[in-house]
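Single-letter residue listing:
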Amino acid sequence: MNLLEILPIALLGAICGLDFVSFPQAMISRPIVGATAGGAIAGSAPEGLLIGVVLELLALDTRPFGASRYPEWGTAGVTGGAVFAAVGAGRPGALPVAVFVSLVTAMISGSSMVALRKLIGARAASVRTLIDAGSGGAVVGLQLFGLTADLARGFLLTMIAVALALPLAMGTVAIWGLPHTLSNAIVIGLAGAVAGGAIWKFFTAGTRTGWLFLAGLVIGLGFVAAR
Amino acid sequence: MTRTRVPFMIRLSTCVRLFAVQGSWNYEILLGNGIGFCAEPALRLLPGGRDGERYRSALARQSRYFNAHPYLASVAVGALTRAELEGVDPAKIERFRTALAGPLGSVGDRLVWSGWLPLCSLLALGAYGIGGTAGFVVALFLITYNAGHIALRAWGLKVGFSKGTEVAQSLASPALRRAPEWIERAGALLAGIAVPTAVERAIGIGGELSAAAIGAVLIGGVVLARIPNNSVGWRLALGVLSCVVLYAVLI
């Protein structure tokens with residue numbers, strides 16, 4: 001994949017990265033959306049959806065509460081979807097490696113958000129006098145600065161992540177020693193367990209919700225058995 | 001106090017700006033500048049316009065430290081803008097602003113981040129689990145989630161503009177109080193259906209390996225649910241995955 005092919009993926013990463021916190025928070029940054037779109041650009045939306053589902057299960061474990069630190073799934077989903085589709089879903093190890101790449105990207109991207117917030121804080125301090133004097137230009141300017149910096153953050157991060165991860169993923173998959181189905185089952189099972197634990201914590205604190213979860217589980221397992 | 005009618009175009013401008021309310025989020029003033037940014041178009045209606053003293057003092061006041069859930073910040077923007085336009089005493093506005101921040105944060109976090117978002121996420125996973133295509137799953141998630149998201153922002157701005165400093169009554173409405181509970185119940189039921197079906201379809205081969213994976217999901221889920229700290233699971237998953245990758249390339 002050359003620079004021109006990475007460019008639209010980086011643009012998508014920029015949009016998803018911006019959506020995560022700054023604008024418009026419409027959740028196009030969720031991995032099930034970002035990875036599917038990233039996969040579609042790299043050649044296969046269904047493959048993007050597969051890794052998007054795995055990452056979405058993992059993302060259920062995190063909540064973007066205010067000032068807390070959390071992984072940034074926007075750029076991570078796009079990167080994972082693009083890498084998975086480009087490597088080829090049928091190759092043993094492609095899914096675990098792409099999920100690993102996504103999780104590392106999510107972690108680094110989360111840290112880049114902390115750095116961005118500090119940068120905006122420094123900018124806010126430098127125009128504090130103007131804002132305290134009620135300058136409309138300073139208020140709007142600070143907002144536009146933050147939005148632009150976040151867009152640039154997502155773009156650069158996705159571009160670097162895909163450019164670095166793709167050759168590494170290709171190399172790793174070439175020497176992968178576990179069977180395809182077992183590799184996929186491990187990573188999907190792991191994501192499912194993380195989602196199960198998170199859901200149990202968040203959704204079963206209320207009255208009768210534990211029983212509802214178990215009722216749903218019976219229906220779900222019944223559907224699986226019937227299929 | 002005077003009642004100033006906010007023209008439709010200014011309401012629309014405020015509404016659009018609300019989607020970028022977190023654009024300059026930082027650790028010093030959190031959402032503060034975003035509130036000023038969203039209120040700014042309506043504050044131009046104050047006597048003297050953009051060059052007037054009242055505009056400047058109101059904008060400076062609204063751009064100070066503030067914290068709230070980003071969607072429910074619309075309530076604060078509407079209510080504070082109306083208070084400024086009505087000429088409420090600045091000291092009272094400051095006190096009202098401080099009092100508003102806590103409830104808007106906690107109500108929004110429970111309603112959206114711990115309720116609506118995971119519910120819609122599970123709906124999409126369930127749609128995938130029963131065989132949905134990529135387009136269908138993504139569209140279902142985005143349409144469902146944003147129906148609630150946009151409705152909440154629009155309701156917040158409307159109620160803020162109409163109630164002003166009396167907006168606290170609306171936040172205590174039975175619908176808003178009970179919604180997280182209903183969402184939790186629906187989420188619990190949906191989770192039980194969505195997780196095993198999505199895992200089974202993602203593995204894609206059926207048979208013993210799928211059954212073993214679903215069994216491992218249930219056991220792993222119970223173990224992870226017993227860990228008291230939140231957001232630990234994905235870090236553990238990264239650790240385990242690192243070991244798997246290392247093992248698979250070394251054997």
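Reading guide: rules and limits
Residue numbers here run from 1 along each chain, matching the order of that chain's written sequence. Chains and ligands are labelled by the order in which they are written, letters from A for the one and numbers from 1 for the other. The predicted nature of this model means local features are confined to residues of pLDDT at least 70 and side-chain atom pairs, given and counted, to a pLDDT of 80 or more, with totals for whole chains, interfaces and linings taken over all residues. The basis for every side-chain value is the complete set of heavy atoms in the structure, and neither hydrogens nor water enter the calculation. Here a strand is any run of E in DSSP of at least two residues, a helix any run of H or I of at least four, and the numbering for each starts at the N terminus. Two residues qualify as a contact provided that any one of their heavy atoms is within 4.5 Å of a heavy atom in the partner residue. The Shrake-Rupley method, run with a 1.4 Å probe sphere, supplies the accessible areas, and residue values consider only the shown protein chains as cover. In this description the radius of gyration comes from C-alpha coordinates, and the expected globular size is given by 2.2 Å times residues to the power 0.38. Positive charges come from Lys and Arg alone, negative charges from Asp and Glu alone, with His and the N- and C-terminal ends not counted. For the purpose of locating charges, the reference atoms are NZ of Lys, CZ of Arg, CG of Asp and CD of Glu. Put simply, buried area is how much 1.4 Å-probe accessible surface two parts lose in total, over both of them, once they are put together. Any Lys or Arg side-chain nitrogen located within 4 Å of an Asp or Glu carboxyl oxygen qualifies as a salt bridge. For this analysis, a polar contact is any N or O atom pair within 3.5 Å, provided that within protein one partner can donate a hydrogen and the other can accept it, and provided that sequence-adjacent residues contribute only side-chain to side-chain pairs. Charged residues are taken to be Asp, Glu, Lys and Arg, nonpolar residues to be Ala, Val, Leu, Ile, Met, Phe, Trp, Tyr, Cys and Pro, and polar residues to be all remaining types, Gly included. What a helix is expected to span follows from its residue count: subtract one and scale by 1.5 Å. Classification of residues uses two cut-offs on accessible area relative to the type maximum, computed with a 1.4 Å probe and protein chains only: under 20% is buried, over 50% is exposed, and between them is partly exposed. Site definitions follow a grid-based scheme: protein atoms alone, a 1 Å grid, a 1.4 Å probe that fits but cannot get out for cavities, and for pockets an open set with protein on both sides within 12 Å along at least five of seven lines, plus lining residues having an atom within 4 Å of a point. Grid points are joined across faces, edges and corners, and a volume is the space filled by probe spheres set on the points. Note on definitions: angles span 0 to 180 degrees between N-to-C directions of axes, and those axes are lines fitted to C-alpha atoms, for helices only across the stretch in contact. In what follows, roughly perpendicular refers to angles from 65 to 115 degrees, roughly parallel to angles under 35, roughly antiparallel to angles over 145, and oblique to any angle outside these ranges. Handedness of a crossing follows from how the near helix is turned relative to the far one, being left-handed for an anticlockwise turn of less than a right angle and right-handed for a clockwise one.

A closer look at the overall build of chain A
Link 1 in the chain: Across its full length, chain A holds nine helices and zero strands.
Link 2 in the chain: Traced from its N-terminal end to its C-terminal end, chain A shows the element sequence α-α-α-α-α-α-α-α-α.
Link 3 in the chain: Dimensions along the principal axes, computed over C-alpha positions, put chain A at roughly 65 × 55 × 25 Å.
Link 4 in the chain: Sequence separation of at least 24 residues holds for 76% of the intrachain contacts in chain A that already meet a minimum separation of 6.
Link 5 in the chain: Summed over all atoms, the accessible surface of chain A reaches about 7900 Å², with 74% contributed by carbon and sulfur.

Brief notes about the overall build of chain B
Link 1 in the chain: Of the regular secondary structure elements, chain B holds 10 helices and zero strands.
Link 2 in the chain: Secondary structure elements of chain B, listed N to C terminal, follow the sequence α-α-α-α-α-α-α-α-α-α.
Link 3 in the chain: Taking 2.2 N^0.38 as the reference for a compact globule, 251 residues should give roughly 18 Å; the C-alpha atoms of chain B span a radius of gyration of 23 Å, well beyond that estimate.
Link 4 in the chain: C-alpha atoms of chain B, sized along the principal axes, occupy 75 × 35 × 30 Å.
Link 5 in the chain: In chain B, of all internal contacts separated by at least 6 residues, the share reaching a separation of at least 24 is 73%.
Link 6 in the chain: As displayed, chain B offers around 10400 Å² of accessible surface, 64% of which is attributable to carbon and sulfur atoms.
Link 7 in the chain: Across chain B, the mean location of the 24 positive side-chain charges is 5 Å away from that of the 14 negative side-chain charges.

Overview of unusual backbone geometry
Link 1 in the chain: The residue after Phe-23 of chain A, namely Pro-24 of chain A, is reached through a cis peptide bond having omega -5°.
Link 2 in the chain: Residue placement: Pro-24 of chain A occurs in the loop between α1 (3–21) and α2 (31–42).
Link 3 in the chain: Not every positive phi belongs to a glycine, and Met-27 of chain A is a case in point at roughly 65°.
Link 4 in the chain: Inspection of the secondary structure puts Met-27 of chain A in the loop between α1 and α2.
Link 5 in the chain: Phi angles above zero are rare outside glycine, and Leu-30 of chain B is one such case at about 45°.

A look at the interface of chain B and chain A
Link 1 in the chain: Counting residues at the interface gives 96 residues for chain B and 91 residues for chain A.
Link 2 in the chain: Each partner contributes to the roughly 8100 Å² buried at the junction of chain B and chain A, and carbon and sulfur atoms together form 73% of this total.
Link 3 in the chain: A per-residue breakdown of the area chain B buries against chain A is headed by Tyr-27, Trp-113 and Trp-234 of chain B, which together make up 9% of the total.
Link 4 in the chain: In this assembly, chain B and chain A are joined by one salt bridge.
Link 5 in the chain: Salt-bridge contacts for Glu-200 of chain B lead to Arg-227 of chain A; the nearest nitrogen and oxygen are separated by 2.5 Å.
Link 6 in the chain: The tally of links between chain B and chain A comes to 23 residue pairs in polar contact (both at pLDDT 80 or more).
Link 7 in the chain: Residue assignment for the side of chain B that touches chain A shows that the elements contributing at least two residues are α2 (32–43), α3 (53–62), α5 (90–129), α6 (134–163), α8 (174–203), α9 (207–225) and α10 (233–250) of chain B.
Link 8 in the chain: The leading source of residues in the side of chain B that touches chain A is α8 of chain B, at 18 residues.
Link 9 in the chain: Residues belonging to the side of chain B that touches chain A are distributed by class as follows: 59 nonpolar, 27 polar and 10 charged.

Describing helix α8 (residues 180–203) of chain A
Link 1 in the chain: The terminal C-alpha atoms of α8 of chain A, which comprises 24 residues, lie 34 Å apart, in line with the 34 Å expected from a rise of 1.5 Å per residue.
Link 2 in the chain: Of all 24 residues making up α8 of chain A, 18 are buried, and the element is well covered by its neighbours.

Some details on the side chain of Ser-170 of chain B
Link 1 in the chain: With respect to the element layout, Ser-170 of chain B can be found in helix α7 (residues 168–171).
Link 2 in the chain: Excluding residues within four positions of it along the chain, Ser-170 of chain B makes contact with Trp-155, Val-159, Lys-163 and Leu-176 of chain B.

With respect to the side chain of Ser-183 of chain A
Residue and element names in this part refer to chain A.
Link 1 in the chain: Along the chain, Ser-183 turns up in helix α8.
Link 2 in the chain: Judged by its relative accessible area of 1%, Ser-183 is buried.
Link 3 in the chain: When near neighbours in sequence (up to four residues on either side) are disregarded, Ser-183 contacts Gly-93, Pro-96, Trp-176 and Leu-178.

So, the layout of surface pockets
Link 1 in the chain: Approximately 360 Å³ is the volume found for the largest pocket.
Link 2 in the chain: Every residue lining the largest pocket is counted, 18 residues in all, and those nearest its centre are Val-101, Val-104, Thr-105, Ala-165 and Leu-168 of chain A.
Link 3 in the chain: Elements supplying a minimum of two residues to the lining of the largest pocket: α5 (94–126) and α7 (136–174) of chain A together with α10 of chain B.
Link 4 in the chain: Per-element accounting of the lining of the largest pocket gives the leading share, nine residues, to α7 of chain A.
Link 5 in the chain: Counted by class, the lining of the largest pocket contains 15 nonpolar, three polar and no charged residues.

Here we look at the packing of α1 of chain A against helix α4 (residues 73–87) of chain A
All names here are of chain A.
Link 1 in the chain: Where α1 contacts α4, the two axes come as close as 7 Å, and the packing angle between them is 150°. With respect to their mutual orientation, α1 and α4 come out roughly antiparallel. When the axes of α1 and α4 are compared, the crossing they make is right-handed. Between α1 and α4, the contacting residues are Ile-9, Leu-12, Gly-13, Cys-16, Gly-17 and Phe-20 on the first element and Trp-73, Gly-74, Thr-75, Val-78 and Ala-82 on the second.

Describing the environment of Leu-250 of chain B
Residue and element names in this part refer to chain B.
Link 1 in the chain: Inspection of the secondary structure assignment puts Leu-250 in helix α10.
Link 2 in the chain: Note on Leu-250: relative accessible area 67%, which makes it exposed.
Link 3 in the chain: As for Leu-250 and Ala-211, which are separated by 39 residues in sequence, their C-alpha atoms are 28 Å apart.

Description of the pattern of salt bridges
Residue and element names in this part refer to chain B.
Link 1 in the chain: By the definition in use, this model includes 13 salt bridges over all chains.
Link 2 in the chain: For Arg-17, the salt bridge is made with Glu-40, and the minimal N-O distance between the two is 3.4 Å. Of this pair, Arg-17 sits in helix α1 (residues 8–18) while Glu-40 sits in helix α2; the two residues are 23 residues apart in sequence, bridging distant segments of the chain. The residues Arg-17 and Glu-40 share a single accessibility class, namely buried.
Link 3 in the chain: One salt bridge connects Arg-61 with Glu-84, and the closest N-O pair in it is separated by 2.8 Å. One end of the pair, Arg-61, is in helix α3; the other, Glu-84, is in helix α4 (residues 73–85), and 23 residues separate them in sequence.
Link 4 in the chain: A relative accessible area of 4% places Glu-84 in the buried class.
Link 5 in the chain: Each of Arg-17, Glu-40, Arg-44 and Arg-50 takes part in salt bridges that share partners, so that together they form one network.

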